[in-house]
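In case you want the letters, here they are:
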Amino acid sequence: MSQSKFCKGRVLSVTLPGVVFVVIGCFFFISNQNEYWTSVLYKSGTMTAPPFKQTLLRKQGKSVKIPFLINQREIQEGRHRHLQTACSKHYSQPRYDVIKKPPWNIFLDTTHKILYCNVPKVACTSWKRVLLVLTGVMKHTDDMEQKVVNRYGKSQLITLSKIPQNERQNVLDTYTKFMFVRHPFSRVLSAYNNKINPNSSAGWDSMRRQIASIDGQGKDATFTKFLKYIIPMSPSDDDRHWSTTTKLCLPCDIDYDVIGKFETLSDDAKYILKLASVDDLVEFPSAQGSSPTNSSKKHTLQEQFDGVPLNIIHGIYEKYILDFQLFNYSIPKLTFF
């Protein structure tokens, strides 16, 4: 049955199925418009929270919940605020000319405009795998063994120093720039377990012997001896595996878009790939195929640091004090403190 209504001399015939069809069509139109404008406002920074919780950003069949992106952006804003405050306390003006003399360890993907500061012992092999896939050297992140990635693979990547000097500022201004940090105690322990520990398969025998003989007692390169060995080293003498992150990435001189942390690696990596619009091209690899030392786990820190004299622990803190302060780390609450 149908009903008729007169509207300015015209007859509008309305049927029940027609009404249902129009209502459903309007619902989907409004939903899509809300979703579109939500994504626009979020990306522009105008909106700080979505009007409804389950709005999605869709791209090429993939969906990422906007609340996740907003939460990650807020985390990054907090990290940047802390970093800027800490930098202003330590440096009254830029201390390093990145344009004239860029660090050796800043890798680029010029196709997707990504800049990555490589820090050893902070998932650096995994990030090199990602860049090698994006630059077409590898098809999948597990195509090369770790040693091949860190030797041959690394040589296939472009560094900021290889870019003409007159183009470097544009790279710093337009690329998605990120770096990763790790708690200094965890990172230095990882460096020891991976390179110096007598049970390590790394070919660092010469340095291992130097460390073992540092105090004339015993034949093993213990963790305490390793700490004694690196504390007096100057920044220029530090090996890159335990050089400070501040020295390696110059966070007070380079305005990174994302400061990732090893402790929140999964979420930070997901956010970076989405921010750089490459999440449909590559996934961040698992730790399989790398050399995890489990040095971030509390029980591992407890076991390895237990017995280290407090004056040596204090010396390590002083050596990495800028990393502690710039990236908002504190000394772990372990039973020996």
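See the structure shown above.
Described below are features of the structure shown in this document. Here the residue index of a chain counts from 1 through its sequence in written order. In keeping with the predicted nature of the model, local features appear solely for residues at pLDDT of at least 70, side-chain atom pairs appear and are counted solely at 80 or more, and the whole-chain, interface and lining totals rest on all residues. The side-chain numbers reported here are obtained from all heavy atoms of the structure, hydrogens and water having been left aside.

Focus on a nonpolar patch on the surface
Spelled out, the test is: Patches draw on residues past 30% relative accessible area with no salt bridge. Two like charges within 9 Å are joined, as are two nonpolar side chains (Val, Leu, Ile, Met, Phe, Trp, Tyr) within 5 Å. Here, Shrake-Rupley sampling with a 1.4 Å probe gives the accessible areas, and only protein chains in the shown set may cover a residue. Salt bridge, as used here: a side-chain nitrogen of Lys or Arg that lies within 4 Å of a carboxyl oxygen of Asp or Glu. Segments assigned H or I by DSSP are reported as helices when at least four residues long, segments assigned E as strands when at least two residues long, and all are numbered from the N terminus.
On the surface, Val137, Val148 and Tyr152 cluster together to form a nonpolar patch covering roughly 230 Å² of accessible area. Of note, Tyr152 is situated in helix H4 (residues 146–155).

Digging into the state of the cysteines
Selection rule: Counting rule for disulfides: a pair of cysteine sulfur atoms within 2.5 Å. With a 1.4 Å probe rolled over the protein chains alone, any residue whose accessible area is under 20% of its type maximum counts as buried; one over 50% counts as exposed, and the rest are partly exposed.
Overall, the coordinates contain 2 disulfides when judged by the stated rule. Disulfide pairing is shown between Cys87 and Cys252; the S-S distance is 2.0 Å. Across the S-S bond of Cys87 and Cys252 the torsion is about -85 degrees, and the bridge reads as left-handed. Here Cys87, found in helix H2 (residues 66–90), pairs with Cys252, found in the loop between helix H9 (245–249) and strand E9 (258–261); they are 165 residues apart in sequence, far enough to count as distant. According to the relative accessible area criterion, Cys87 is buried, its value standing at 10%. The partly exposed category is assigned to Cys252, whose relative accessible area is 23%.

Here we look at helix H3 (residues 124–134)
Because the α-helix completes a turn every 3.6 residues, residues three or four places apart line up on one side. Quick note on the threshold: In this analysis, two residues are considered to be in contact whenever any of their non-hydrogen atoms come within 4.5 Å of each other.
Counted residue by residue, H3 has 11 buried out of 11 residues, so it is predominantly covered. The complete set of buried residues in H3 reads Cys124, Thr125, Ser126, Trp127, Lys128, Arg129, Val130, Leu131, Leu132, Val133 and Leu134. Contacts from the buried residues of H3 go to strand E5 (106–109), strand E6 (114–117), H4, strand E8 (176–181) and helix H10 (265–275). The positive-phi residue at the C-terminal boundary of H3 is Gly136, with phi of around 85 degrees.

Remarks on the environment of Thr300
Following the sequence through the fold, Thr300 ends up in helix H11 (residues 298–305). Separated by 114 residues in the primary sequence, Thr300 and Ser186 have C-alpha atoms spaced 9.2 Å apart.

Concerning the pattern of salt bridges
Inspection of the entire model under this criterion finds 8 salt bridges. Note that Asp205 is salt-bridged to Arg208, the shortest N-O span being 2.6 Å. Here the residue Asp205 and the residue Arg208 both occupy positions in helix H7 (residues 205–212), the gap between them amounting to 3 residues, near one helical turn. Classification of Asp205 by relative accessible area gives partly exposed; the value is 43%. Here Asp215 ties to Lys225 by a salt bridge, and the two come within 3.7 Å at their closest N and O atoms.

Description of the sheet that holds E6
So the rule is basically this: Here the rule is simple: two strands pair whenever DSSP picks up at least two bridges between them. To get an axis, fit a line to the C-alpha atoms, keeping to the stretch in contact for a helix; angles then go from 0 to 180 degrees between the N-to-C directions.
Pairing within the open sheet is mixed, and its 5 strands lie in the order E7-E5-E6-E8-E9. With partners counted over all chains shown, the strands left at the sheet margins are strand E7 (158–159) and E9, one partner each. Relative to E7, E5 runs antiparallel, the two sharing 2 bridges. Each residue of the ladder has a partner; that of Phe107, found in E7, is Thr159. Packing against the sheet, H3 makes contact with E5, E6 and E8, and its axis sits at approximately 160 degrees to E6.

With respect to the packing of helix H6 (residues 184–196) against H11
This is how the line gets drawn: Roughly parallel covers angles under 35 degrees, roughly antiparallel covers those over 145, roughly perpendicular covers 65 to 115, and oblique covers all other angles. Under the convention adopted here, Pro, Cys and the residues Ala, Val, Leu, Ile, Met, Phe, Trp and Tyr are nonpolar, Asp, Glu, Lys and Arg are charged, and Gly plus all remaining residues are polar.
At their nearest, the axes of H6 and H11 sit 11 Å apart, and the two run at 70 degrees to each other. Compared by their axis directions, H6 and H11 come out roughly perpendicular. Residue-level inspection shows Phe185, Ser186, Leu189, Tyr192 and Asn193 of H6 in contact with H11, the latter providing Thr300, Leu301, Gln304 and Phe305. For the contact of H6 with H11, the residue count by class is 5 nonpolar, 4 polar and no charged.

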